[in-house]
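# Observations on chain architecture
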Amino acid sequence: MNLKLINIKTLGGIHPEGTRWLRGSLLGHFPTLENAYLTITDGKISDFGPMTHCPQDELPTRDCSDRHVLPAFVDSHSHLVYAGTREEEFNLRLKGASYEEIAAAGGGILNSAAKVSTSSVDQLVGQATFRLENLIEYGTGTLEVKSGYGLDPENELKLLRAIKALNDQSHATLVPTFLAAHALPAWAKAQGMNDASYTKYMLDECLPTVQKEGLAGFLDGFIERDYFKLDALQHLIDARTTSGLPLKIHVNQFYDIGGIQMAVEAGALSVDHLEVMSPEALRALHGSDTIATLLPSCSYFLGIPYGPARELIENDCVVALATDYNPGSSPGGNMQLVCNMACTQMKMTPAEALNAATINGAAALHLSERKGSIAVGKDADLLITKAIPSLEYLCYDFGTNHIQTSILGGQTQ
Ligand code: NIG
Ligand code: FE
């Protein structure tokens, strides 16, 4: 599909070709061009510049007067494919139960896993399609999706196959992650497994099929005092070496048990959550290539601390923003709202939030060469806003959708 966008009020997110990510203070600049054009050829960005240089050709043209254009959001942490919902637990939490108490009583992840076990791949795809269509309307173009609600080999592989099927039928780009260690299920406890031996079992059982069928690009585990501890993380690190799948690790959501230090040391691609940070964890991330992925809508929904965005930026970290869309701790996948929360609750600037939700999200999926900024040759995954005053307005006026049109791979959605 070829297309020319003309009279763009502000074209934003124009980073120099080859930009992998934005670290520390560099995050604060979201480069723009006023009164611009952009051409799309065969699904890629083929040219852009000021209107005064706009080529006169026969390309189909869309007038973007009063509209801004930016790269589609890259949401690098989600659990989009799940079965059923958990409003009953929401009610319990509002009456005073904590997330961890609900989990200890067999709710939480185990509750979702029970629902997955009685769902077919088609049913999982059907439910997630509805959610994904909504996300595309709100500007998400690329979405990481984790398994992790299967909790046994058969059901984890079922989830990964559902993610693959969903990707095959969608114009959005879905990136699958095998979340091998999310919660210790009753059957594993009954067989005498602990968090570490269960993690090793899941990796040993699933990885051959995951790799044969190309079902995942990354490995993940929920590294927490009450879930999976450092011995389990070591099995994930070992599996990274044998499988070649990079690590994206849930860590420091409730407690700091040293997981960040170990993940950084092992060269993890990202560490995600980081609501609870020690000086040692911050020091380990200082200037490191492991991306710090913050999930403000999880903090909002559970009422837990927000990740320390300012300290991370001051420590020269690569900070990304993502939704963590899941039925338990963040039942929402709106990246515009995540950017707003990053500003109001974590004191990021709109420029920092937009960069963290685009180019740094792409980096957290090893996709910087294709996604996350305006550059010639990148996928034409673009958002045309409604007639709003500025790009910053996306982060400022919350609760309504400011995206008029999503273009994914050059195709208008
Ligand atoms: O990222 N923290 C672990 N996993 C999810 C929540 C899963 C759930 O409650 O269903 C998260 O917040
Ligand atoms: Fe998560």
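A brief look at the structure comes next. (Residues numbered from 1 in each chain as written. Chains lettered and ligands numbered in written order. Predicted model: local features only at pLDDT ≥ 70, side-chain atom pairs only at ≥ 80, totals over all residues. Heavy atoms only, no water.)

### Some words on the packing of aromatic side chains
- For the coordinates displayed, the defined rule picks out eight aromatic pairs.
- When the centroid spacing of 5.8 Å and the interplanar angle of 65 degrees are considered together, the rings of W187 and Y201 count as edge-to-face. Placement of W187 in helix α6 (residues 186-190) and of Y201 in helix α7 (residues 195-212) is noted, with a sequence separation of 14 residues between them.
- Ring pairing ties together the aromatic residues W187, Y198, Y201 and F228, which thus form one cluster.
- Directly above the ring of W21 sits R20, whose terminal nitrogen or CZ lies 3.8 Å from the centroid.
- Here K248 stacks its cationic end above the ring of F218, 5.8 Å away from the centre of that ring. (Phe/Tyr/Trp six-rings, centres within 6.5 Å; stacked < 30°, edge-to-face > 60°. Helix = DSSP H or I, 4+ residues; strand = E, 2+ residues; numbered from the N terminus. Lys NZ or Arg CZ within 6 Å of the ring centre and 35° of its normal.)

### Section: the site of ligand 1
- Near ligand 1 lie 15 residues; those nearest to it are Y99, Y149, H182, Q253 and S329.
- In the model, an oxygen atom of ligand 1 is placed 2.5 Å from a nitrogen or oxygen of the Y99 side chain.
- Interatomic distance of 2.9 Å between a side-chain N/O atom of H273 and an oxygen atom of ligand 1.
- Computed on the free molecule, ligand 1 has an accessible area of 320 Å², of which 100% lies beneath the protein chains in the complex.
- Put simply, ligand 1 lies in the largest cavity. (Near = heavy atom within 4 Å. Polar contact = N/O pair within 3.5 Å; in protein donor to acceptor, adjacent residues only side chain to side chain. Areas by Shrake-Rupley, 256 points an atom, 1.4 Å probe, with all protein chains shown as cover. 1 Å grid on protein atoms, 1.4 Å probe; cavity = no way out; pocket = protein on both sides within 12 Å on 5 of 7 lines; lining within 4 Å. Sits in = over half its atoms within 2 Å of the grid points.)

### Considerations on the side chain of N360
- Among the structural elements, N360 can be located in helix α15 (residues 359-363).
- By relative accessible area, N360 is classed as buried at 0%.
- Ignoring anything within four residues of it in the chain, the contact list for N360 reads W21, L22, L27, I291, V318, V319, A320 and N355. (Buried < 20%, exposed > 50% of the residue type's maximum accessible area, 1.4 Å probe, protein only. Contact = heavy atoms within 4.5 Å.)

### Quick look at the pairing of strand β5 (residues 68-71)
- The sheet contact formed by strand β1 (residues 3-12) and β5 spans two bridges and is parallel. Each bridged residue has a counterpart across the sheet, and for T10 the counterpart in β5 is H68.
- Bridge analysis of β5 against strand β14 (residues 382-385) gives three bridges, and the strand direction is antiparallel. By the bridge assignment for β14, P71 is matched with L382. (Pairing = 2+ DSSP bridges.)

So yeah, pure geometry; function would need other evidence.
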